[in-house]
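Structural overview for review
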Amino acid sequence: MSEQNPQTSATPENVDTSPEKFLAALDIGSNSFHYVYARLSNDNLQVLHTEKYQVKLASGLDDNHMLSDEAISRGVATLENLLSSTENLTAENFRVVATYTLRKAKNAKRFLQAAKKVFPFDIEVISGHEEARLIYQGVAHNSESSLRQLIIDIGGGSTECVIGEGFDVKALASLNIGCVSCQKAYFPDENISSKHFKKAINEAKYKIEPLVKRFQKKGWQAAIGTSGTIKAIYNILNYDEAIKKPITLKQLQKLKSELIKAQTTANIKLAGLKENRRELICSGVAILIALFEMLGISELDFCSQALREGVLYQQLDKIRCDDIKQRTIGSLGTRFTIDQVQADNVSQLATTFFEDITKKFNFTDSIYQELLQWSAQIHEIGTDINTGGYQKHGEYILNNAHLSGFNQEQQQALAWLVGNQRKKISDIEALEWYMLDPQSLLAICIILRLSVLLNQQRHLNELPPFNLAYKKKTLYLHCEQSWLLERPLVDTELFHEQQYLEKVGITLAIEAHS
């Protein structure tokens, strides 16, 4: 069921071994689970230990995108096996990300709930674009090249393509084709023929075609492949080479011919091919040939760093206070010409209200305050499309944009908050939540709504003091009576807000004082 490849290095006696000096990451992939444990040394990461388990999660995903009980059991058992390697880790220094299979599985929550019973760490399901970005960061942090690079990662369920320069991503795409899904569709009976290959290559080309013009327009000077599928092909083609050389299309076509001669998977005998890669090698070769031909790749080198290292380096960036999420929010503000003064006013009041009621709502995780601040900063993002119903335009943008640094659940929460900052509040329980608490999200949504409402007239002067109190399903808003009397529009909006909140079980009481 699994393959474990531990790699360790001794830790010198004079090195600080306190928990905060270590970082770990787990990549729950569609074919394999990859675990890496590293030490922070002189502001750099030194990998101390790695483990790999071939779980083949994607093989349990049916045509209706339902994950089988057997696949769920394999995945959960693997997580349980990993526990001994994670004893000294905490939520602060260990990040777990899941990719294509859990993105696509309609019953992903079943897996996550089963995992939670044996594995005490949150599992973040990330988007294809976020996966591609993290893969690029993993390669970029381990490359001294100043060239513009094309990075390709063929996974079990998806293929990620990224163009970048230095640490900056210029273009990225996540394609819904991977070696496990391709093998199931085009080599299911383990027979190998030119017909099988032709169909697999043509399907891969169909999936690649939409990105061709965009990627060729950006251009690149070097192409690099990463992760298990490309590594397997690279090792086969370089088996007798003293100095390993990049992969070429001519070599791939020759390898395809050798595989066709084998006729069945069982007959494949290639020097350098590991047993656990035998059944997936045909689909991997087919996808890589399609990429070479569609993108016009002349040669492809290999890098051993990938998604898991990208996750580690993002954790390191956070330690350095270089928060990718905050940079993403700032970038959105610039791109959609958000009124920064208004955003800051709403953020400031939201912070005051959050501090007023945080003990009553028991916000145990900093993510809720962060989501409140992020949503306040970009609450007007939809006005760039149309001021009428701008909150729903904002929700659409945030649901469909690539938000670097955010996992899928955080992105969903941010979109929901912005979309419900005014008017009717949509049912939060209708959405799937695993890591985040819907009632806590509703609480910060109410804070956002009141902060937006009280700032709606874009006051030139400072607002008077406001504060919130909460007791027994009643939210008390304390404000100056004279200020409210001078603003009948705000008074009317507060009346309507009382009606909206009543529908979600919250009574809003206005406590005006002289």
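What you are looking at is a predicted structure, and each value in this text was computed from that prediction instead of being measured. (Residues numbered from 1 in each chain as written. Predicted model: local features only at pLDDT ≥ 70, side-chain atom pairs only at ≥ 80, totals over all residues. Heavy atoms only, no water.)

The next subject is the confidence of the model for the chain. Detailed conclusions should not be drawn from predicted coordinates in areas where pLDDT is low. Summarising the model, the chain shows a mean pLDDT of 90, and 94% of its residues fall at 70 or more. Note on residues 1-17: pLDDT is under 50 here. Beyond four places in sequence and across chains, it has 38 contacts. (pLDDT = per-residue confidence, 0-100. Contact = heavy atoms within 4.5 Å.)

A word on empty space enclosed by the protein. According to the stated counting rule, one finds two cavities of 30 Å³ or more in the structure shown. Within this model, the largest cavity holds a volume of roughly 250 Å³. As for the largest cavity, its lining consists of 24 residues, and the residues nearest its centre are Asp27, Asp153, Gly155, Gly156 and Ser227. For the lining of the largest cavity, the secondary structure elements donating two or more residues are strand S3 (32-41), helix H4 (128-140), strand S7 (148-154), helix H8 (227-237) and helix H11 (307-319). Tallying contributions element by element places H8 first for the lining of the largest cavity, with three residues. (1 Å grid on protein atoms, 1.4 Å probe; cavity = no way out; pocket = protein on both sides within 12 Å on 5 of 7 lines; lining within 4 Å. Points joined across faces, edges and corners; volume = space filled by probe spheres on them. Helix = DSSP H or I, 4+ residues; strand = E, 2+ residues; numbered from the N terminus.)

Counted at 1.5 Å a residue, the expected span for helix H9 (residues 249-262) with its 14 residues is 20 Å, and the 20 Å between its end C-alpha atoms agrees. For H9, the set of buried residues is Leu252, Leu255, Lys256, Leu259 and Ala262. Each buried residue of H9 lies within a common arc of 110° when the element is viewed along its axis, so the set occupies one face. Those residues of H9 that are exposed and aimed more than 90 degrees away from the buried face are Lys250, Lys254 and Lys261. Elements that come into contact with the buried residues of H9 comprise helix H6 (194-208), H8, strand S11 (247-248) and helix H10 (281-295). (Expected span 1.5 Å × (residues − 1). Buried < 20%, exposed > 50% of the residue type's maximum accessible area, 1.4 Å probe, protein only. Arc of directions from axis to C-beta.)

So, on to the sheet that holds strand S13 (residues 467-471). Ordered in space as S13-S14-S15, the three strands form an open sheet in which the pairing is mixed. One side of each edge strand has no neighbouring strand; the edge strands of this open sheet are S13 and strand S15 (507-513). When strand polarity is set aside, the average angle formed by the axes of neighbouring strands in this sheet is 25°. Bridge count between S13 and strand S14 (residues 474-480): five bridges; the pairing is antiparallel. Its bridge partner lying in S14, Ala469 is registered against Tyr476. Taken strand by strand, helix H13 (residues 340-361) contacts S13 and S14, and its axis lies near 15° from that of S13. (Pairing = 2+ DSSP bridges. Axes fitted to C-alpha atoms, helices over the stretch in contact; angles between N-to-C directions.)

Between the first and last C-alpha of H6 there are 21 Å, a value that for 15 residues agrees with the 21 Å anticipated at 1.5 Å per step. When we look at burial in H6, the residues that qualify are His196, Phe197, Ala200, Ile201, Ala204 and Ile208. Buried residues of H6 fall within an arc of 120° about the axis and therefore sit on the same side. Opposite the buried face of H6, at more than 90 degrees from it, the exposed residues are Lys195, Lys198 and Tyr206. Lining the buried residues of H6 we find strand S9 (168-175), helix H5 (179-186), helix H7 (212-218), H9 and H10.

What follows is about unusual backbone geometry. The phi dihedral of Glu190 is positive, around 70°, even though this residue is not glycine. With respect to the element layout, Glu190 can be found in the loop between H5 and H6. Overall, the relative accessible area of 39% leaves Glu190 in the partly exposed class. Residue Ser227 is not a glycine yet carries a positive backbone phi of 75°. As for its position among the elements, Ser227 is in helix H8.

Applying the stated rule across the entire model yields 13 aromatic pairs. Aromatic pair Tyr35 and Phe94: ring centres 5.9 Å apart, planes at 85°, arrangement edge-to-face. In this pair, Tyr35 sits in strand S3 while Phe94 sits in strand S5 (residues 94-98), placing the two residues 59 residues apart along the sequence. Aromatic pair Phe187 and Phe197: ring centres 5.3 Å apart, planes at 70°, arrangement edge-to-face. Taken together, the residues Phe187 in the loop between H5 and H6 and Phe197 in helix H6 connect sequence positions 10 residues apart. Per residue, the accessibility class of Phe187 equals that of Phe197, and both read buried. (Phe/Tyr/Trp six-rings, centres within 6.5 Å; stacked < 30°, edge-to-face > 60°.)

Applying the stated criterion across every chain yields a total of 16 salt bridges. Taking the shortest distance from any N to any O, the salt bridge between Asp69 and Arg110 comes out at 2.9 Å. Here Arg110 lies in helix H3 (residues 108-118) and Asp69 lies in helix H1 (residues 69-82), a separation of 41 residues in the sequence. Since its relative accessible area comes to 46%, Asp69 is described here as partly exposed. With a closest N to O distance of 3.7 Å, Lys245 and Glu241 form a salt bridge. On the basis of relative accessible area, Lys245 is assigned to the partly exposed category, the value being 46%. Among the residues examined, Glu241 registers a relative accessible area of 34% and is labelled partly exposed. Beyond isolated ion pairs, a larger network of salt bridges with shared partners links Arg103, Glu131 and Glu160. (Salt bridge = Lys/Arg side-chain N within 4 Å of Asp/Glu carboxyl O.)

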